[in-house]
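Given next are the chains, with one letter for each unit.
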Amino acid sequence: MTDGQNMHRDELLKEIGISPVWRLRDAPQAEIAVAADTAAALTAREPAAPVVARGGDPGPVAGMDWPALKACVADCTACVLHQKRNKTVFGVGDENADWLFVGEGPGADEDAQGEPFVGQAGRLLDNMLAAIALKRGANVYIANIVKCRPPGNRNPQPEEAEACSGYLQRQIELIQPKLIIALGKVAAVNLLGRDASIASLRGQQHAYRGIPLLVTYHPAYLLRTLSDKSKAWEDLCFAVETMQRLQSAALAPI
Ligand code: URA
Ligand code: SF4
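All of the points below concern the structure found in this document. As the structure is a prediction and not an experimental result, all values here were calculated from the model. (Residues numbered from 1 in each chain as written. Chains lettered and ligands numbered in written order. Predicted model: local features only at pLDDT ≥ 70, side-chain atom pairs only at ≥ 80, totals over all residues. Heavy atoms only, no water.)

1. A closer look at the overall build of the protein chain
Piece 1. Within the protein chain, the secondary structure is distributed over nine helices and eight strands.
Piece 2. Here the protein chain holds 254 residues, and 50% of them are scored as buried.
Piece 3. Counting only contacts in the protein chain whose residues sit at least 6 apart along the sequence, the fraction spanning at least 24 positions is 71%.
Piece 4. Carbon and sulfur atoms provide 51% of the accessible area of the protein chain, an area that totals close to 11900 Å². (Helix = DSSP H or I, 4+ residues; strand = E, 2+ residues; numbered from the N terminus. Buried < 20%, exposed > 50% of the residue type's maximum accessible area, 1.4 Å probe, protein only. Contact = heavy atoms within 4.5 Å. Areas by Shrake-Rupley, 256 points an atom, 1.4 Å probe, with all protein chains shown as cover.)

Below, the structure written as structure tokens:
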């Protein structure tokens with residue numbers, strides 16, 4: 001194999017160490033690729049800390065528009081995570097997206113670049129999106145529970161998630177997504193306001209402030225736990241079905 005450009009895509013992915021590849025039957029170019037040989041490079045995250053009740057009051061950010069909200073996050077010192085951050089990671093994508101994906105918090109790459117999911121987990125997230133014919137920025141918004149990197153990639157503490165929750169709440173009010181996908185336990189427990197395992201939460205429709213919400217595994221977890229990637233695939237298929245149902249309900253005559 002000498003000419004990368006002429007390689008079949010599967011062979012190319014294999015060559016760069018990303019396999020196996022999952023395909024959605026009626027979207028042949030779509031795929032999820034899991035970088036098995038890079039899994040070890042990812043820092044193990046600890047189980048989620050107990051959640052505190054999510055504040056119902058967005059406080060000072062209530063009613064803010066996008067520019068004001070972005071400026072507020074950029075200067076935020078509301079929790080200790082501001083002390084060691086390089087860049088705040090506000091969120092990225094289509095500000096009118098139907099799909100909102102919520103992760104946990106920035107890692108080292110995100111902290112350096114100021115954009116969510118740009119490291120290895122991000123590459124898998126992009127592949128997961130591609131598998132269901134979605135693309136970062138096109139009808140998709142990506143955000144995190146906390147906007148500043150927890151040192152050493154530890155889980156955000158409940159008080160940090162709480163301090164940051166008003167920003168995400170305001171982002172969600174502005175975006176008005178049709179469906180929220182919580183990626184991993186930290187996102188799920190903070191958005192749902194109760195502690196439960198991903199295994200018990202996935203496969204069912206939940207809600208965040210009246211917006212349908214589904215739960216699946218975090219891409220960084222999937223990079224370490226390849227055996228659960230078929231469940232993540234089921235979750236993505238369930239997400240597509242749910243979105244189709246929500247869209248047809250929106251179109252149905254009253
Ligand atoms: N993990 C997350 O939860 N969010 C990111 O932005 C990157 C990695
Ligand atoms: Fe502010 Fe959120 Fe950063 Fe804490 S994590 S300093 S609340 S932006």
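2. Notes on the sheet that holds strand β4 (residues 99-103)
Piece 1. Across the sheet, which stays open at both edges, the six strands sit in the order β3-β5-β4-β6-β8-β7 with mixed pairing between neighbours. Strands at the two margins of the open sheet, each flanked by one partner only, are β3 (92-93) and β7 (206-208).
Piece 2. Here β4 runs beside strand β6 (residues 179-183); their pairing, made up of four bridges, is parallel. Note that in β6 the partner of V102 across the bridge is A182. (Pairing = 2+ DSSP bridges.)

3. Topic: the site of ligand 1
Piece 1. The immediate surroundings of ligand 1 are formed by nine residues, with E104, G105, F117, N144 and H218 found nearest.
Piece 2. Residue N144 places a side-chain N or O atom 2.8 Å away from a nitrogen atom belonging to ligand 1.
Piece 3. In isolation ligand 1 offers 230 Å² of accessible surface; the protein chains occlude 97% of this area.
Piece 4. Class assignment for the residues of the shell around ligand 1 results in two nonpolar, four polar and three charged. (Near = heavy atom within 4 Å. Polar contact = N/O pair within 3.5 Å; in protein donor to acceptor, adjacent residues only side chain to side chain. Nonpolar A, V, L, I, M, F, W, Y, C, P; charged D, E, K, R; others polar.)

4. Details of the side chain of T216
Piece 1. By the element assignment, T216 lies in strand β8 (residues 211-216).
Piece 2. Here D235 takes part through its side chain, which lies 2.6 Å from a polar atom of the side chain of T216.
Piece 3. Apart from residues lying up to four places away in sequence, T216 is in contact with I181, A182, L183, G184, I198, A232 and D235.

5. Thoughts on helix α6 (residues 185-192)
Piece 1. When you tally the buried positions in α6, you get seven out of eight residues, the bulk of the element.
Piece 2. Among all positions in α6, only V186, A187, A188, V189, N190, L191 and L192 are buried.
Piece 3. Buried residues along α6 sit against β4, α5 (158-175), β6, α7 (198-201), β7 and β8.
Piece 4. Backbone geometry just after α6 places G193 at a positive phi near 70°.

6. Regarding the environment of S200
Piece 1. Relative to the elements of secondary structure, S200 occurs in helix α7.
Piece 2. Residue S200 is classed as partly exposed on the basis of its relative accessible area, which comes to 39%.
Piece 3. Between the C-alpha atoms of S200 and V215, which are 15 residues apart in sequence, the distance is 9.5 Å.
Piece 4. Among the polar contacts listed, one links the side chain of S200 to the backbone oxygen of S197, at a separation of 2.9 Å.

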